[in-house]
Amino acid sequence: MRAALVAGLLAGYGVAVPVGAVGAYVVALTARTSLRTGACAALGVAAADGLYALLAAAGGGGLAPLLEPVARPLRIGSAVVLLALAARTAHTALRGRSGAAAGPEQPPPTPARAFLALLGITLLNPLTVLYFAALVLGGGGRDGAASGALARAVFVAAAFAASASWQLLLASGGALLGRALTGPRGRLLTALGSAALVGWLAVRLLVG
């Protein structure tokens, strides 16, 4: 069980720690809204990682040939969604700066909507399940850590816990950033900077 636990933790941190467009969006969303909303968004990302870890542990290498034909379209879809979020973030920030002439400001997403949105965006990345599948197959031949229902459950739970802890750390950083930049100009610069970063990372995902 210890081997499955360690393998799951390493797998979860391995897929979560490299901060891409989704991680940057979690930080920016928390800075603009609240820690509660950002935490729910972070848990949406972790839930997707946990689901993909479960699919990989249950399906193993059989998932790879099924996902490879649709990997590129889903990656493009994920990039397009992130670009749309970046554009909306910049538009909302600029409209808020112009005041009442631009109309009423849209309310921030609720925690539930933030969870579902980030869950959906993360699920659009099939490379995650291929990553987990490779780890499961690689570990199974050495010491059997990936074999057995209990060991697979431990692996999946550890992967989810690792991903959740990292995403919540990113959300906490966003909350601290939001408190530091409380003025209108600070909020505007934060929103525009985060939109530019998420957009750039989404373009890299699109052309990568």
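One can find the structure itself at the top, above this paragraph.
Predicted, not measured: the structure shown is a model, and the values here were computed from it.

Asker: Whenever I open this one, the overall build of the chain confuses me. Can you help?
Answerer: Regarding its fold elements, the chain presents 8 helices and 0 strands. The proportion of buried residues among the 208 residues of the chain is 40%. Sequence separation of at least 24 residues holds for 88% of the intrachain contacts in the chain that already meet a minimum separation of 6. In the form shown here, the chain has an accessible surface area of approximately 10300 Å², with 71% of it arising from carbon and sulfur atoms.

Asker: It is not clear to me how the side chain of aspartate 49 should be interpreted in this structure. Could you clarify?
Answerer: Mapped onto the secondary structure, aspartate 49 falls in helix α3 (residues 35-59). For aspartate 49, a relative accessible area of 4% corresponds to the buried category. Among the polar contacts made by the side chain of aspartate 49, one reaches the side chain of serine 163 at a distance of 2.6 Å.

Asker: I'm lost on the nonpolar core in this one. Help?
Answerer: Soluble, globular proteins show a tendency: their nonpolar side chains are buried together. Core analysis: the biggest nonpolar cluster contains 20 residues, and Val22, Tyr25, Val26, Leu82, Leu118 and Val198 have the highest contact counts within it. Secondary-structure elements contributing two or more residues to this core are α2 (21-32), α3, α4 (63-98), α5 (111-123) and α8 (184-207). No other element matches the 6 residues that α2 contributes to this core. In this structure, tyrosine 25 is in contact with Arg32, Leu85, Thr89, Leu118 and Val198, ignoring residues within four places of it in sequence.

Asker: Sorry, what's going on with the packing of α2 against α5 here?
Answerer: Remark: α2 packs on α5, axes separated minimally by 11 Å, with the N-to-C direction vectors making an angle of 165°. By the angle between their axes, α2 is roughly antiparallel relative to α5. α2 and α5 meet at a crossing whose hand is right-handed. Packed against α2, whose contacting residues are Val22, Tyr25, Val26 and Leu29, the element α5 presents Ala114, Leu118, Ile121 and Thr122 at the interface.

Asker: I would appreciate a short explanation of the side chain of threonine 122 in the present structure.
Answerer: Among the secondary structure elements, threonine 122 is positioned in helix α5. Its relative accessible area of 7% is what places threonine 122 among the buried residues. Those residues within four positions of threonine 122 in sequence are excluded, and the remaining contacts are Val22, Val45, Ala48, Asp49 and Tyr52.

Asker: Just to check I follow, could you spell out α2 for this structure?
Answerer: One full turn of an α-helix is made of 3.6 residues, so residues set three or four places apart face in the same direction. With 12 residues, α2 should reach 16 Å at 1.5 Å per residue; the first-to-last C-alpha distance of 16 Å fits that figure. The element α2 is extensively covered by neighbouring structure, given that 10 of its 12 residues are classed as buried. All of the buried residues in α2 are Ala21, Val22, Gly23, Ala24, Tyr25, Val26, Ala28, Leu29, Thr30 and Ala31.

Calculation rules
- Residues numbered from 1 in each chain as written.
- Predicted model: local features only at pLDDT ≥ 70, side-chain atom pairs only at ≥ 80, totals over all residues.
- Heavy atoms only, no water.
- Helix = DSSP H or I, 4+ residues; strand = E, 2+ residues; numbered from the N terminus.
- Buried < 20%, exposed > 50% of the residue type's maximum accessible area, 1.4 Å probe, protein only.
- Contact = heavy atoms within 4.5 Å.
- Areas by Shrake-Rupley, 256 points an atom, 1.4 Å probe, with all protein chains shown as cover.
- Polar contact = N/O pair within 3.5 Å; in protein donor to acceptor, adjacent residues only side chain to side chain.
- Core = buried A, V, L, I, M, F, W, Y, C linked by side-chain atoms within 4.5 Å.
- Axes fitted to C-alpha atoms, helices over the stretch in contact; angles between N-to-C directions.
- Parallel < 35°, antiparallel > 145°, perpendicular 65-115°, else oblique.
- Left-handed = near helix turned anticlockwise from the far one by under 90°.
- Expected span 1.5 Å × (residues − 1).

Scope: geometric values only; no functional claims are made or implied.
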